[in-house]
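Results of the structural survey
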Amino acid sequence: RRHVEKEYRFKCAEPLCDCIEEKFLDGVTLADGYECKSAELVLSEDRREGKITLTEGKYHQIKLMFISLHNQLTYLKRISMAGIELDASASPAEKLKVVQNLMKEGDERAKAIYETIGAYFGYSLAYYAEFYDIKHVLIMGRVTSGKGGVIILERAKEVLEAEIQKILQKKLKLENKHKLLKTL
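For the structure given in this document, a descriptive report is provided here. This one's a predicted model, so the numbers in the text were calculated from it and none came from an experiment.

**What about the packing of aromatic side chains?**
Applying the stated criterion to the full structure yields five aromatic pairs. Centre to centre, the rings of F24 and F66 are 5.6 Å apart; their planes meet at 50°, and the pair counts as tilted. Taken together, the positions of F24 in helix α1 (residues 20-26) and F66 in helix α2 (residues 61-68) put the pair 42 residues apart, joining distant regions of the chain. In this structure, F24 and F66 share a single accessibility class: buried. Centroid distance Y127 to F131: 5.1 Å. Interplanar angle 65°. Geometry classified as edge-to-face. Judged by its relative accessible area of 48%, Y127 falls in the partly exposed class.

**Details of the packing of helix α3 (residues 92-104) against helix α4 (residues 108-129)**
One way to put it is that α3 packs onto α4 with a least axis distance of 7 Å and a crossing angle of 120°. The two elements α3 and α4 cross, and the hand of that crossing is left-handed. Where α3 approaches α4, its residues L96, V99, Q100, L102 and M103 are matched on the opposing element by R109, A110, K111, I113 and Y114. Residues that form the contact of α3 with α4 fall into these classes: seven nonpolar, one polar and two charged.

**Quick notes on the side chain of S80**
Within the secondary structure layout, S80 lies in strand β4 (residues 73-81). What makes S80 buried here is its relative accessible area of 5%. Leaving out residues up to four positions away in the same chain, S80 has contacts with E5, K6, E7 and E85.

**Digging into a nonpolar patch on the surface**
Taken together, the side chains of Y127, Y128, F131, Y132, I134 and V137 present a nonpolar region at the surface, about 660 Å² in accessible area. Following the sequence through the fold, Y127 ends up in helix α4.

**A closer look at the environment of V159**
Within the secondary structure, V159 is located in helix α5 (residues 146-183). Leaving out residues up to four positions away in the same chain, V159 has contacts with A119, G122 and Y123.

**A few points about the layout of surface pockets**
Taken as a whole, the largest pocket spans an internal volume of roughly 770 Å³. Contributing to the lining of the largest pocket are 30 residues, with K6, Y8, R78, S80 and M81 lying nearest its centre. Those elements that place two or more of their residues in the lining of the largest pocket are β1 (6-12), α2, β4, α3 and α4. In terms of residue count, the dominant contributor to the lining of the largest pocket is β4 (six residues). Of the residues assigned to the lining of the largest pocket, the class counts are 16 nonpolar, six polar and eight charged.

**As for the pattern of salt bridges**
A full pass over the atoms with the stated rule returns six salt bridges. E21 is the partner of R47 in a salt bridge, and the nearest nitrogen-oxygen pair spans 3.1 Å. Of this pair, R47 sits in the loop between β2 (40-43) and β3 (49-54) while E21 is found in helix α1, placing the two residues 26 residues apart along the sequence. For E21, a relative accessible area of 23% translates into the label partly exposed. Taken together, the salt bridges that share partners define one network made up of D18, E21 and R47.

**Section: the sheet that holds β4**
Strand order across the open sheet formed by five strands is β2-β3-β1-β4-β5, with antiparallel pairing between neighbours. Edge positions in the open sheet fall to β2 and β5 (84-85), since each of these has one partner strand only. Two elements, β1 and β3, share six bridges in a ladder whose sense is antiparallel. Residue pairing in the sheet places K6 in a bridge with L54 of β3.

Rules behind the numbers
Residues numbered from 1 in each chain as written. Predicted model: local features only at pLDDT ≥ 70, side-chain atom pairs only at ≥ 80, totals over all residues. Heavy atoms only, no water. Phe/Tyr/Trp six-rings, centres within 6.5 Å; stacked < 30°, edge-to-face > 60°. Helix = DSSP H or I, 4+ residues; strand = E, 2+ residues; numbered from the N terminus. Buried < 20%, exposed > 50% of the residue type's maximum accessible area, 1.4 Å probe, protein only. Axes fitted to C-alpha atoms, helices over the stretch in contact; angles between N-to-C directions. Left-handed = near helix turned anticlockwise from the far one by under 90°. Contact = heavy atoms within 4.5 Å. Nonpolar A, V, L, I, M, F, W, Y, C, P; charged D, E, K, R; others polar. Patch = residues over 30% accessible without salt bridge, like charges linked within 9 Å, V, L, I, M, F, W, Y side chains within 5 Å. Areas by Shrake-Rupley, 256 points an atom, 1.4 Å probe, with all protein chains shown as cover. Salt bridge = Lys/Arg side-chain N within 4 Å of Asp/Glu carboxyl O. 1 Å grid on protein atoms, 1.4 Å probe; cavity = no way out; pocket = protein on both sides within 12 Å on 5 of 7 lines; lining within 4 Å. Points joined across faces, edges and corners; volume = space filled by probe spheres on them. Pairing = 2+ DSSP bridges.

The structure is reproduced here in structure tokens:
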């Protein structure tokens, strides 16, 4: 599935080296070995702040990218998602209204945001299913209303259908391994 482009403003503790833009374009390797996809970095003259644009969203990814390059973020703020510029001073509810209105107009960028939310939701449910016996899930909230809510639930279902197979296979392997250990 496609990833939504996200744009952030940042400030870091130390000036960044001259080759840093190329490292971000090549994809930064995190401390855990994860290879990040290419990201665009635009720096200020003092090389301590700028803008980063990326298409993936690993948990705390930007922070981890800077740590792996021996620097530390002092400020990070998302300024746009899927190419939709949102007023930084607007409340989350006001930003949601903007995206919902774009969705009503058939804007593909808004649809991409809802698909991304659905993917995160599906993976989160799959993860929780590894630890809890989930029978029912009640989805509430303004973000799940209208066409966007339908997209969120459809995408979550797609992810779950793929992930549940992996979870079931993993549980089966664990059960078989446990039975084997008992017989020894």
